[in-house]
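Observations on the model geometry
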Amino acid sequence: MNDSSPAHPAVPVLDVWCELQCPDCRGALADLHALRARYGDRLELRLRHFPLEKHKHAFAAAQAAEEAAEQGKAWPYVEAVLGRVEELDRGGEPFLVEVARELGLDAEEFDTALIDGRHILIVDADQAEGKAIGVTGTPTYVIGGERLDGGKSQEGLRERVQEIADRLLAEREA
């Protein structure tokens, strides 16, 4: 069986179910930095959207993150917005466009994307998939078929992700 088959992606994938108006997701940034530092290219971090209804700007923020991905700066954008959750609470969509401008992205294109809704289907699909696999809050991590819920507590989650990633990498090298 070759390595490009869906059953064995080139590297283990960590799906990070997240929403950009969520203080708990901001708390998870340190873990994501640590995982990136430890694994580099040996672990793929994939942002998955799970906007919660209680946060009125979360759906727009998810769409904005997709536009940032299209412009090649998904994670820098996500981290910039998460780092300023309170400003998103107050500023809404104009704040999302402003962050894009600060990162040197095409802010006009962000504005247009939020108006024309070009990324809504991706966000909806992520949310539907999340619900289907039992995601109820954010952040939730999925790696190696295991779901780890960080919405209640992030205590020990990074260690658990590392255990699973190390096991998957060892199996791949065996």
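As the structure is a computational prediction, the values presented were derived from the model and not from experiment. (Residues numbered from 1 in each chain as written. Predicted model: local features only at pLDDT ≥ 70, side-chain atom pairs only at ≥ 80, totals over all residues. Heavy atoms only, no water.)

On to the pairing of strand E2 (residues 44–49), then. Sheet topology places strand E1 (residues 13–18) next to E2; six bridges connect them, and they run parallel. Within the sheet, the bridge partner assigned to Val 16 lies in E2 and is Leu 47. Crossover handedness for the path E1 to helix H1 (residues 23–39) to E2: right-handed. (Pairing = 2+ DSSP bridges. Helix = DSSP H or I, 4+ residues; strand = E, 2+ residues; numbered from the N terminus. Right-handed = clockwise from strand over helix to strand, strands pointing away.)

Turning next to the sheet that holds E2. Note on sheets: strands pair through backbone hydrogen bonds, and any given pair is parallel or antiparallel. With mixed pairing, four strands are arranged side by side in an open sheet as E2-E1-E3-E4. Both edges of this open sheet fall to E2 and strand E4 (146–149), since each of them pairs with a single strand only. Neighbour to neighbour, the strand axes of the sheet diverge by 20° on average, direction disregarded. Across four bridges, strand E3 (residues 140–143) lies against E4 in antiparallel orientation. Residue pairing for E4: Thr 140 is matched across the bridge by Asp 149. Lying on the sheet, helix H6 (residues 120–132) is in contact with E1 and E2; it crosses E2 at an angle near 95°. (Axes fitted to C-alpha atoms, helices over the stretch in contact; angles between N-to-C directions. Contact = heavy atoms within 4.5 Å.)

The values are spatial; any link to function lies outside them.
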